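Letter by letter, the chains look like this.
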Amino acid sequence: MDERNRPIHTFQVCQVMEGHQNNWLVSEWVPRRAAQKVFVEVRFTLRDCSSIPWVGGTCKETFNLLYRESDAPLPPSTSASSSSTPATRPPAHFAKVDTIAADLFISLVDTIAADQSFTQTDLGDRVLRLNTEVRQVGPLTRKGFHLAFQDLGACIALVSVRVFYKKCPSTVRNLALFPDTVPRGDTSSSLVEVRGRCLEHAEEREEPKLYCGVDGDWLVPLGRCVCSIGYEEAHGRCLGCNPGFYKAFAGNIKCSKCPPHSSSPAPSAPVCSCDRGYYRAPSDPPTAACTRPPSAPRDLLVSINGSTLFLEWAAPADPGGRRDVTYVVHCWRCGGGAEGAGQCEPCEDDVHFLPRPLGLSSTRVAIQDVLANSNYTFQVEALNGVSAQANRRPAALNISISTAPAGASVVGLISRDWASQTSIALSWQEVEQPPSPILDYEIKYYEKEQKHLSYSYVRSHTAGVVVSGLRPSTLYVFHVRARTASGLSSFSVPAEFSTADKSPELGGPQGSVLVMVLAAVGGFSLLVILTLFLLITGRCQWWMNTKMKSKEQRRSHYQNGHVVPFARGKTYVDPDTYEDPTQAVHDFTMEIDPARIRIERVIGAGEFGEVCSGRLCSPGKQEVGVAIKTLKGGYTEGQRRDFLREAGIMGQFHHPNIIRLEGVVTKSRPVMIIVEFMQNGSLDSFLRGQEGRLTLVQLVGMLRGIASGMAYLSDMGYVHRDLAARNILVDEALVCKVSDFGLSRVLEDDPEASYTSVGEKIPIRWTAPEAIAYRKFSSASDAWSYGIVMWEVMSYGERPYWEMSNQDVILSIEEGYRLPAPVGCPLELHQLMLHCWQRDRRLRPHFCDLLSFLDKLIHNGLSESVESLDYPFFISVGDWLDSIKMSQYKNNFIAAGYTTLDSVSAMSIE
Ligand code: AMP
C-alpha cells in the first residue's frame, strides 16, 4: 500500500537468510528514439539489515543497475527470467551502470500498512524509506535497450522505474525558430550548435544560432532575424502592417503611418502609393510625402541695359510641397522692323543666358546679346522633382519686350592680316555710323567642316583681333558684329580663312621673327641650365651621400607587398615576411600551459572555431578573465597558420587601446589564442544596446581611445584595413580597444566584406574610395574608416548608409555625398568626420591630429566647446555646405549673416 493506502505493485526480493543470491529482473525492450543518453529514475525501498532479526553476513543493502543495447527486443531466454520461475543463469552481455544503495532521505509515513520492506523505528512506527535514485545511461547508439536489476541478497521492493531523456524544446528566439534538439550523449560538455530558421515574413540579418546544453537548456543566442519589408514584430512574430501604414525597410522597426498625400489600402504595404495628382521623385525615399508640380512663377519683370535684358520673378505661391523648385526660361524673337515682322522663332541659341536658361535655382537671369530692334517674348516655367511625372505642361508665366533699333550691320568686309598654324589676325572697317557709340565688337567663329558642333566667341575693343587657339591647316568662318548702347548690330558678311599648314615654316613675316626669338630664348635657357648643373652637382653628391646613410638606418619593410614608410620607434613586422611564418608566432607570443586555462562558456563564433570566455591563472598572480579563441579540429596547415597569424601580429602591440595578447597554446590540442577579456563585447552591439544612454563625454572618450590605439598602430607602420565598430572591443570601464588583426584573413572573416569588381573582399561602407578602386590601403584609408567609426559611435551603432546597396554607396561617395551628422552629434565632430572623408587622402587628418583634436574637445569641456573651439579643418561655410551636399543653401546662410563656422555653430533651431 502506498502512503494513501492504495495498493501498489512492486517487484520484491528478500532472500536475506540464504547466501549466494544472484536474482535478476530485466525490463522490456525500451526504444531509444532520439536520445543519445537516457536517465533512469528508480524508486525503491531497501530494508536495512540491522532491522532484520537473526540475519547474518549474507544480508546486502545494495543492488546493481545494468543495461544492454540491441536493435530489437532480445528473446526472453536471454533477456529476462520468467516471472514465475527465477532464472538460474544470469543474462549475458549486460553492462553495469552503477551499484545503488539507499540514500539518507527518509520519508515519514504514519499510517502505513506493515510490510517486510519497511523499517521499524524505536517508537514502533513504521517508516517507509522510499528512495529515488537517478542514473545516466549512455551514450546509446543501437535502436533500444533492456535495463536489468541484479540483487545479490538484499531486501528490496522496486516501486517504479522511469526512463527519460532531455531535450532543448523547440523555441523561438529573435524571430528564428529552433527545432527540438537532443543534447550530445558523450561525457564531454560540448554544446550542440543549432541553426534557427527565420519565421514567416522574417529574414536573416545575422545567422541565428543557439547552443543546446547537456541539461536541455538553450544557451548563447547569436545572430537574429528581422521582419521583412511590410511586416513588423508583434508578440514574437512578424505581422503585416495595417492599412494606412507601411514599412519600407527590413529591420526591427515599426510600421509607419503613410506620409502626407499617400495611402496604403491593403495590409503589409512596403510603401504607400501617392494620391491622385501627387507623385514621388525617383530620388525621394519611400518615407517622403507625395508632392505635386509647383504653380506658376509670379510677378515676372523685365528690364534692359544696353544689349542685356534682366528677367526677375517671384517663387510660385505653391511649391507643390517640395524644396527643389527650379526654373526654365524660353525665349522667342519675333522679327522687328520691316523684314519678317510677326514671325517668331526660338532664340535660346542666339542669346547668352547668365547663369543659364535651364535648371535655374535663383529667380533671376540675365540675357546678353539681344538684338536691337526686335520683339522678344520670354516664358518662365516652374518645375520641381515631380514635374516630369505629372505628364502635363509646367505652369508658366510670359512677358514680351521690344528692343530699340541699333541700325544694320555696321561692319564692312573682314580681311586677314596674317595667319600662323594656330592663330589668324583679322581686321575690318566700319561702313556705317551706328546710332549710338560702339562699345566693342563680338567675333563669332567656327570650323567650317564642323559648323554645328560649336561656336566660339571673342570680343575686341578695336576693329581688329588675333584669334588664337586654332587648329593648323583648318578653314574657319568668321562673323563680326558691333555692340552699342542700344543693342547689337547684325552680323557682317561671313569671311573664311585658313590657318597655316603644319610645316615648320610660319605664315607671314611675324613667323621668322618668332623663330629667332624662340632660338634666342632656347640658347639662353641652355646656358643657365648648364651653369646651374655645374654649381649643383657638388651639393648633389653631398645630398645623395646623406640620403644613402639615412636609408641604411631605416628598416624598410614590406607590408602586404607594399613598402610602408619608416615609422618612428618600433616598427611592425609582417609575419608573412618570415620564411617560416610560425617563427613570428614564436618570436612575438608566449606559449601557455593549457592546464592554466579554464574554459567557462561559449561567447561567440569566429571563423576558425568557437570563442569562449574563461580564466587564466598565472603563478604568483591573480586569476584573470580571458577570451579564448579556439581552432576547431580537422584544420589544414594553412588554416592553422592563418589562425596563429593574428597572434603573431597582436603580440607585437603593447598599448592600452589595443587588445592584449596573453599567449597561445600551440603544443597541444585544441590550438588556442588567449586574449584579455572585454566584458562589454564588440562596440557595435554594445552601442545598439545603449541607445541614448551614454553621455557625450563617454562617447567622445571612447572615440579618443580608438584614435589613440590607431595612432599607435600607424606609428608602428601597421595598416588595419578593417577598422569598424564591430572590430573594436569594450571593457567594463568603457575602454575601447582595437582588435581583429590579420589583414586579408580578417576580411575573409568579416561578414561586411564583399567582393569588388577585381574580386577582392572589402568592407565597402568603411573603406576609402582609393582602397576600393585600386587597393591603396594606408593609414590615410584607416583614417577614412575611423570617420565611419565616429559616425557609428555617435549614432549608437546605426548601419552606415543605412539600407543603401554597396554599389549605391560607392556611387554616392563618388558624387560627393557624405554621411550627415547623426542626431545630437556636435557640429565639430561631424566636421572631423568630413575631414576624414576627404577624397584626396593627403588632406585627411593623421591619427595624432585626431587625437589632439579630441583631447582638446574633451579638455575644453564638451558643452562650452561649441563657442570656444576654432575649426582647424574647415575653411568656409561654403565648403562645409558643399561637403554635405547642401550647397543650395549657401545663399540663405550668407543672407542670414552666417559667414563663419563659429556663427553657424552658435545658430539656434529657429
Ligand atoms: P572574432 O572572431 O575575434 O570576431 O570574435 C567573435 C566574437 O567573440 C566577437 O564579436 C565578440 O563578441 C567575442 N569576443 C572576441 N574577443 C573577445 C574578447 N577579448 N572579449 C570579449 N568578447 C570577445
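Quick caveat: nothing in here was measured; it's all calculated off a predicted structure.

Student: Could you give an account of the sheet that holds strand 27 (residues 344–346), with specific residues and numbers?
Tutor: A sheet is described by the order of its strands in space; here four strands give the open sequence 27-26-30-31, paired in antiparallel fashion. Strand pairing shows two members of the sheet lacking a second neighbour, strand 27 and strand 31 (396–402), which therefore form its edges. Each neighbouring strand pair of the sheet contributes to a mean axis angle of 25 degrees, computed without reference to strand direction. Here three bridges tie strand 26 (residues 326–334) to strand 27, and the two strands are oriented antiparallel to one another. Among the inter-strand pairings, Arg 333 is bridged to a residue of strand 27, identified as Glu 345.

Student: Before we move on, could you go through the state of the cysteines and cite the residues and values that matter?
Tutor: A covalent bond between the sulfur atoms of two cysteines is what we call a disulfide. Under the counting rule described, the total for this entry stands at ten disulfides. Each sulfur of the disulfide joining Cys 49 and Cys 59 lies 1.9 Å from the other. Across the disulfide from Cys 49 to Cys 59, rotation about the S-S bond amounts to roughly -85 degrees, and the bridge is consequently left-handed. In this pair, Cys 49 sits in the loop between strand 4 (38–46) and strand 5 (62–70) while Cys 59 sits in the loop between strand 4 and strand 5, placing the two residues ten residues apart along the sequence. For Cys 49, a relative accessible area of 14% gives the class buried. Two residues share a disulfide in this structure: Cys 258 and Cys 272, whose sulfurs sit 2.1 Å from each other. Here Cys 258 and Cys 272 share a disulfide; its torsion about the S-S bond, -75 degrees, makes the bridge left-handed. On the criterion of sequence distance, the pair formed by Cys 258 in the loop between strand 21 (256–257) and strand 22 (262–263) and Cys 272 in the loop between strand 22 and strand 23 (273–274) is long-range, its members being 14 residues apart. Assigned by exposure class, Cys 258 and Cys 272 land together as buried.

Student: Could you give an account of the pattern of salt bridges, naming the residues involved and the relevant values?
Tutor: Counted by the stated rule, this structure contains 35 salt bridges. A salt bridge links Arg 645 to Asp 574; its shortest N-O distance comes to 3.3 Å. Taken together, the residues span a long stretch of sequence, with Arg 645 in helix 5 (residues 637–650) and Asp 574 in the loop between strand 41 (562–564) and helix 4 (581–588) at a distance of 71 residues. Here Arg 726 makes a salt bridge to Asp 722, at a shortest N to O gap of 3.3 Å.

Student: Now, about helix 10 (residues 779–794): what can you tell me, with residues and values included?
Tutor: In this model, helix 10 (16 residues) spans 22 Å end to end at C-alpha, consistent with the 22 Å of a helix rising 1.5 Å per residue. For helix 10, the buried fraction is high: 15 of the 16 residues fall into the buried class. Tyr 796 sits one or two residues past helix 10 and shows a positive phi near 55 degrees.

Student: Could you give an account of the sheet that holds strand 16 (residues 202–212), naming the residues involved and the relevant values?
Tutor: Spatial ordering of the open sheet is given by 14-16-17, a layout of three strands whose pairing is antiparallel. Each of the sheet's edge strands pairs with one partner strand only, and the pair in question is strand 14 (192–195) and strand 17 (218–227). Neighbour-to-neighbour, the strand axes of the sheet open up by a mean angle of 15 degrees, direction not taken into account. In this sheet, strand 17 lies alongside strand 16 in antiparallel orientation, the contact comprising seven bridges. Pairing of Ala 202 across the sheet is with Cys 227, part of strand 17.

Student: Please give an account of the packing of helix 7 (residues 696–715) against helix 10 that cites residues and values.
Tutor: In contact at an axis separation of 11 Å, helix 7 and helix 10 are set at 165 degrees when each is read in the N-to-C sense. Taken together, the axis directions place helix 7 and helix 10 in an arrangement best described as roughly antiparallel. Relative to helix 10, helix 7 is oriented so that their crossing is right-handed. Between helix 7, through Leu 696, Leu 699, Leu 703, Arg 704, Ile 706, Ala 707, Met 710 and Ser 714, and helix 10, the contact on the second element is made entirely by Ser 779, Asp 782, Tyr 786, Val 789, Met 790, Val 793 and Met 794. In terms of residue class, the contact of helix 7 with helix 10 is built from eleven nonpolar, two polar and two charged.

Criteria and cut-off values
Residues numbered from 1 in each chain as written. Predicted model: local features only at pLDDT ≥ 70, side-chain atom pairs only at ≥ 80, totals over all residues. Heavy atoms only, no water. Pairing = 2+ DSSP bridges. Helix = DSSP H or I, 4+ residues; strand = E, 2+ residues; numbered from the N terminus. Axes fitted to C-alpha atoms, helices over the stretch in contact; angles between N-to-C directions. Disulfide = S-S within 2.5 Å. Buried < 20%, exposed > 50% of the residue type's maximum accessible area, 1.4 Å probe, protein only. Salt bridge = Lys/Arg side-chain N within 4 Å of Asp/Glu carboxyl O. Expected span 1.5 Å × (residues − 1). Parallel < 35°, antiparallel > 145°, perpendicular 65-115°, else oblique. Left-handed = near helix turned anticlockwise from the far one by under 90°. Contact = heavy atoms within 4.5 Å. Nonpolar A, V, L, I, M, F, W, Y, C, P; charged D, E, K, R; others polar.

Read these as geometric descriptors, not functional statements.
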